[in-house]
Amino acid sequence: MEGIKNFFRRTWNKAQDKAVMAAVRANSALTEMKQEEKGATDMVTIVVIIVIVLALAIIFRDQLSRIFKAVGDKVMSWIQG
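Residues numbered from 1 in each chain as written. Predicted model: local features only at pLDDT ≥ 70, side-chain atom pairs only at ≥ 80, totals over all residues. Heavy atoms only, no water.

Q: Tell me about the overall build of the protein chain, and name the residues and values.
A: Each helix and strand counted, the protein chain has two helices and zero strands in total. Dimensions of the protein chain, computed from C-alpha atoms along their principal axes, come out at roughly 65 × 20 × 10 Å. Counting every position in the protein chain, which comprises 81 residues, the buried fraction comes to 10%. Entry remark: accessible area of the protein chain is about 6,800 Å², with carbon and sulfur atoms responsible for 65%. Here the protein chain contributes 12 positive and 8 negative side-chain charges, whose respective centroids are spaced 12 Å apart. (Helix = DSSP H or I, 4+ residues; strand = E, 2+ residues; numbered from the N terminus. Buried < 20%, exposed > 50% of the residue type's maximum accessible area, 1.4 Å probe, protein only. Areas by Shrake-Rupley, 256 points an atom, 1.4 Å probe, with all protein chains shown as cover. Lys, Arg positive; Asp, Glu negative; His and termini not counted. Charge placed at Lys NZ, Arg CZ, Asp CG, Glu CD.)

In structure tokens form, the structure reads like this:
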């Protein structure tokens, strides 16, 4: 049981690390774009895209949690016979 929990915890931590790195890259891109002064239209477009991506990430996170829980439940029921 602990092995399965640790597997899910490591997998979830890796997903969180990737999300943080994506946010850092997005922040870097936004900072760079501000410095280049491309205009308000480009900035609004990027902000809208980021909001959409974050919303999808939140939705996916919930689905991922449910998937991991379902798989964990099935594995535990299989282990317990």
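Q: Run through a nonpolar patch on the surface, naming residues and quoting values.
A: A cluster of nonpolar side chains, namely Val 44, Val 48, Ile 52, Leu 56 and Ile 59, defines an oily patch on the protein surface of about 450 Å² accessible area. Tracing the backbone through its elements, the reader meets Ile 52 in helix α2 (residues 40-80). (Patch = residues over 30% accessible without salt bridge, like charges linked within 9 Å, V, L, I, M, F, W, Y side chains within 5 Å. Salt bridge = Lys/Arg side-chain N within 4 Å of Asp/Glu carboxyl O.)

Q: How would you summarise the pattern of salt bridges if you had to cite specific residues and measurements?
A: Within this structure, the stated rule accounts for one salt bridge. For the salt bridge of Lys 69 with Asp 73, the shortest nitrogen-to-oxygen distance reads 3.1 Å. Of this pair, Lys 69 and Asp 73 are both found in helix α2, four residues apart, which corresponds to roughly one turn of the helix. Given the relative accessible area of 41%, Asp 73 is considered partly exposed.

Q: With reference to specific residues and values, describe the nonpolar core.
A: In this structure, Ile 4, Phe 8, Leu 64, Phe 68 and Met 76 together form the largest nonpolar core, which totals five residues. Of all the secondary structure elements, the ones that give two or more residues to this core are α1 (2-36) and α2. Sort the elements by how many residues they give to this core and α2 lands first, with three residues. (Core = buried A, V, L, I, M, F, W, Y, C linked by side-chain atoms within 4.5 Å.)

Q: Help me get a handle on the environment of Leu 56, residues and values and all.
A: In this structure, Leu 56 sits in helix α2. Since its relative accessible area comes to 52%, Leu 56 is described here as exposed. For the pair Leu 56 and Lys 69, spaced 13 residues apart in the sequence, the C-alpha separation amounts to 20 Å.

Q: Could you give an account of the environment of Arg 61, naming the residues involved and the relevant values?
A: For Arg 61, the location among the structural elements is in helix α2. With relative accessibility at 42%, the residue Arg 61 sits in the partly exposed group. Along the backbone, Arg 61 and Met 76 are 15 residues apart, and their C-alpha atoms lie at a distance of 22 Å.

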